[in-house]
Each structure stands twice: as structure tokens, then as C-alpha cells.
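# A look at the structure
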Amino acid sequence: MAPAKKASVKKASAKKAAPAKKAAPAKKAAPAKKAAPAKKAAPAKKAAPAKKAAPPVVEKPAPKKSTVTCPLSNFEVKPSAPGLSPRTKDRLKEKLLEEKARLVHQADELVAEAEELARGREHGDTQFDEESGDGDTISVERERDLLLSAQARHVVDEIDAALERLVQGSYGVCSYAGRKIPIERLEAIPWADVCVDCKARAERRR
């Protein structure tokens, strides 16, 4: 029976040992998931610009009126410049000075005449009686001379005012309405300071 055992041993050695089973390959580790990109922070809201302070309200000056109210008629009239040429002004100024000299001389003569009448009456040069009335006549003449002298002096004052307006540049303009005085009126009365319309209204108010 021993040889049988050998045979079995031989058969056993003849059989190669079964190859060891290959170890199953290790599973690859799942790739790590990429981290989700961080969300961008929302941009900070810009602060609302501060409201500008409203500029101070500047009151505009009221527009100048192009008209004036005539104190005599209460009408709105538009003032005007004199518009006199230098030559015309010089001519009118000469007339003013000539008229002033004439009136001053006239006023002086009238005063002298009135004083002469008064002296004659005081010395008794004239016979006075109730029938002739010479005393009253002399008194009336004297009063008339003094009145005419005062009127002449008044015109002299107006001439002086006209000469002043020539210097100031307002000569030839109505002092009430500011309108131009026609040259014809200035030629006739160079010291006039009101236009014909205002002069007529002023006289009606008296």
C-alpha cells in the first residue's frame, strides 16, 4: 500500500498550487469635490449723496417803471430826455442872462420910483383934497410899482433856477411829468419848467 501513497503524493506535487487570487485593486478615492466658490459679497450700497442746501432766495429788485404819474393829471406819462443840442442850450442861456439883467434893472427902477412917490407925499409936494383924490392916486401908483418890482424879482428867481437846471442837465424837461418841453415854448419863455399841458392843469386847479 506504500506505493499508492507515493503516487498520491506525486499527483499532489504535480498539481501546482493554485495561484493566489489577485487582490482587488483598491478603489480610487473619489476625487474631492471642489469647494463651491465663495459667493462674492454684494457691493456695499453707495450712500445717497447729501441733498444740497437750497440756495438762499435773493429777492430781485422790482423793475424800474418806465413811466411816472403826473401829480396834476394822475396820468401815466413817459419821461423823456431834453434832447437839446449844445448850440441850442448856449443860445437859450444867453437869452436867460439877458432877460435876467433886464428884469433886475426894471425891478430896481420900480422900487426907486415907489420910494420917490413916498418921499414926495411926505414932503407935501402934492396938494391933497377929497375932490381930486391925488393922495389915493399916488398911493395906488406906489403899490403898483412895488408889485411889478416883486413880480420881476420872482421871474429873476425862476431864471436862476433855469440856469441851475442847465448845469444839472435837466433843463428843457417838465418838472411835473418829465416830458420834453417843446423848443417853441422855451424860445418864448426860456425859464419855463413845465409843459403846456401841465401848466394849463395847474392854472385850472387854482
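Definitions and limits used
- Residues numbered from 1 in each chain as written.
- Predicted model: local features only at pLDDT ≥ 70, side-chain atom pairs only at ≥ 80, totals over all residues.
- Heavy atoms only, no water.
- Helix = DSSP H or I, 4+ residues; strand = E, 2+ residues; numbered from the N terminus.
- Buried < 20%, exposed > 50% of the residue type's maximum accessible area, 1.4 Å probe, protein only.
- Contact = heavy atoms within 4.5 Å.
- Areas by Shrake-Rupley, 256 points an atom, 1.4 Å probe, with all protein chains shown as cover.
- Salt bridge = Lys/Arg side-chain N within 4 Å of Asp/Glu carboxyl O.
- Core = buried A, V, L, I, M, F, W, Y, C linked by side-chain atoms within 4.5 Å.
- Disulfide = S-S within 2.5 Å.
- Polar contact = N/O pair within 3.5 Å; in protein donor to acceptor, adjacent residues only side chain to side chain.
- pLDDT = per-residue confidence, 0-100.

## A look at the overall build of the protein chain
Helix and strand counts for the protein chain stand at 5 helices and 2 strands. Moving toward the C terminus, one meets the helices and strands of the protein chain in the order α-β-β-α-α-α-α. Here the protein chain holds 206 residues, and 22% of them are scored as buried. Look at the contacts in the protein chain between residues 6 or more apart in sequence, and 60% of them connect residues 24 or more apart. Here the protein chain has roughly 17,100 Å² of accessible surface; of this, 58% comes from carbon and sulfur atoms.

## Digging into the pattern of salt bridges
Think of it this way: side chains of opposite charge can pair up when their charged atoms draw near. Within this structure, the stated rule accounts for 8 salt bridges. With a closest N to O distance of 2.3 Å, Asp108 and Arg153 form a salt bridge. Separated by 45 residues along the polypeptide, Asp108 in helix H2 (residues 86-123) and Arg153 in helix H3 (residues 134-168) bring together distant segments of the chain. Asp108 gets classed as partly exposed once you look at its relative accessible area, which sits at 39%. For Arg153, a relative accessible area of 36% corresponds to the partly exposed category. A salt bridge links Glu116 to Arg119; the nearest nitrogen and oxygen atoms lie 2.6 Å apart. Of this pair, Glu116 and Arg119 are both found in helix H2, 3 residues apart, which corresponds to roughly one turn of the helix. Owing to a relative accessible area of 46%, Glu116 belongs among the partly exposed residues under this scheme. Through salt bridges with shared partners, a single network forms among Arg91, Lys95 and Glu187.

## Observations concerning the nonpolar core
Counting residues in each nonpolar core, the largest one holds 25 residues, and the members touching the most others are Leu96, Ile159, Tyr171, Cys174 and Cys198. Those elements that provide at least two residues to this core are H2, H3 and helix H5 (196-205). Considering every element that reaches this core, the biggest residue donor is H3, with 7 residues. When residues no more than four places from it in sequence are discounted, the contact partners of Leu96 are Ile159, Ala162, Leu163, Leu166, Tyr171, Pro190 and Trp191.

## Quick look at the state of the cysteines
The tally for this structure, following the rule as stated, stands at 0 disulfides. Counting only cysteine sulfurs, Cys198 is the nearest neighbor of Cys195, a cysteine outside any disulfide, at a range of 3.6 Å. For Cys195, a relative accessible area of 6% translates into the label buried. We classify Cys198 as buried; its relative accessible area is 0%.

## Some points on the side chain of Ser149
Inspection of the secondary structure assignment puts Ser149 in helix H3. A relative accessible area of 4% means that Ser149 is categorised as buried. Polar side-chain contacts of Ser149 include one of 3.0 Å to the backbone oxygen of Ala107. Every residue in contact with Ser149, bar those within four places of it in the chain, is listed here: Ala107, Leu110 and Val111.

## Observations concerning the confidence of the model for the protein chain
The predicted coordinates of low-pLDDT regions are not to be read in fine detail. Within the protein chain, residue pLDDT values average 77, and 61% of them lie at 70 or more. The spread of mean pLDDT over the elements of the protein chain runs between helix H1 (residues 2-14), the lowest at 49, and helix H4 (residues 183-188), the highest at 94. Scored below 50 in pLDDT, residues 9-14 makes 0 contacts in the model with residues more than four places away or belonging to other chains. Here residues 126-133 is a poorly scored stretch, pLDDT under 50, and it has 9 contacts once near neighbours within four places are set aside; other chains count.

## Some points on the side chain of Arg185
Examined against the element boundaries, Arg185 turns out to sit in helix H4. Beyond its immediate sequence surroundings of up to four residues, Arg185 is in contact with Ala192, Val194, Cys195, Val196 and Lys199.

## Topic: the environment of Ala161
Looking at where Ala161 falls in the secondary structure, it is placed in helix H3. For Ala161, a relative accessible area of 35% translates into the label partly exposed. Each C-alpha atom, one on Ala161 and one on Trp191, is 7.8 Å from the other, the two residues being 30 residues apart in sequence.

## Brief notes about the environment of Arg153
Taking the C-alpha atoms as reference, Arg153 lies 6.8 Å from Val104; in sequence the two are 49 residues apart. Excluding residues within four positions of it along the chain, Arg153 makes contact with Val104, Ala107 and Asp108.

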